[in-house]
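What follows is each chain in one-letter form.
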Amino acid sequence: SRSSAMHTAKDREMTRIADEGLMMWDGESAGTLANVIDLAAGGKDAYLYVAPAGELLYFESGLGLVDWARDYKEPFDEAEKRLRQYEKRKLKAGQSEATTETLFD
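Residues numbered from 1 in each chain as written. Predicted model: local features only at pLDDT ≥ 70, side-chain atom pairs only at ≥ 80, totals over all residues. Heavy atoms only, no water.

Undergrad: Could you give me a rundown of the nonpolar core, with the residues and numbers involved?
TA: Ranked by size, the top nonpolar core spans 21 residues in total, and within it Leu 33, Val 36, Leu 48, Phe 59, Leu 65, Trp 68 and Phe 76 carry the most contacts. If you tally residues by element for this core, the top one is helix H2 (residues 30-41), at seven residues. The residues contacting Leu 48, other than those within four sequence positions of it, are Met 23, Trp 25, Thr 32, Leu 33, Val 36, Glu 55, Leu 56, Leu 57, Phe 59 and Trp 68. (Core = buried A, V, L, I, M, F, W, Y, C linked by side-chain atoms within 4.5 Å. Buried < 20%, exposed > 50% of the residue type's maximum accessible area, 1.4 Å probe, protein only. Helix = DSSP H or I, 4+ residues; strand = E, 2+ residues; numbered from the N terminus. Contact = heavy atoms within 4.5 Å.)

The structure is reproduced here in structure tokens:
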């Protein structure tokens, strides 16, 4: 499948095994932001290159992410929705307990 569910599973595994992450963001992709949220929830550092603004941001263990995200509420809400859906699918499949914490609840 080439659905967002397949990409979400791959991305969750990448963020689980990563020590830190670097993402390039187009200013719209909820999937990229889900990766940043997932890294932050795991206390991992994330670098985010925001292409439309031409700026590189650094979130040490997620610090500052919530404040920055206020300007991008719609894509961040969608990113968190995707993370919750992924955890629900895992629970339904009996794979494990939910582990993703949300930053904006």
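Undergrad: If you had to explain the pairing of strand S3 (residues 55-59) to someone new, which residues and values would you point to?
TA: Consecutive side chains along a regular strand alternate between the two faces of the sheet. Relative to S3, strand S2 (residues 45-50) runs antiparallel, the two sharing five bridges. Bridged to Ala 46 within S3 is Phe 59. The turn linking S2 back onto S3 is made up of four residues, and Gly 54 within it adopts a positive phi angle of 65°. (Pairing = 2+ DSSP bridges.)

Undergrad: Mind laying out the environment of Tyr 72, listing which residues take part and the relevant values?
TA: Here Tyr 72 lies in the loop between helix H3 (65-69) and helix H4 (73-92). Overall, Tyr 72 belongs to the partly exposed group, its relative accessible area being 22%. Sequence-wise, Tyr 72 and Glu 28 are 44 residues apart; in three dimensions their C-alpha atoms are separated by 8.6 Å.

Undergrad: Which residues make up the packing of aromatic side chains, and what values go with them?
TA: Enumeration over the complete set of coordinates arrives at six aromatic pairs. Pairing Trp 25 with Trp 68 gives two aromatic rings, centres 5.7 Å apart and planes at 70°, and the pair type is edge-to-face. Of this pair, Trp 25 sits in strand S1 (residues 20-25) while Trp 68 sits in helix H3, placing them 43 residues apart in sequence. In this structure Trp 68 comes out as buried when scored by relative accessible area, which is 14%. (Phe/Tyr/Trp six-rings, centres within 6.5 Å; stacked < 30°, edge-to-face > 60°.)

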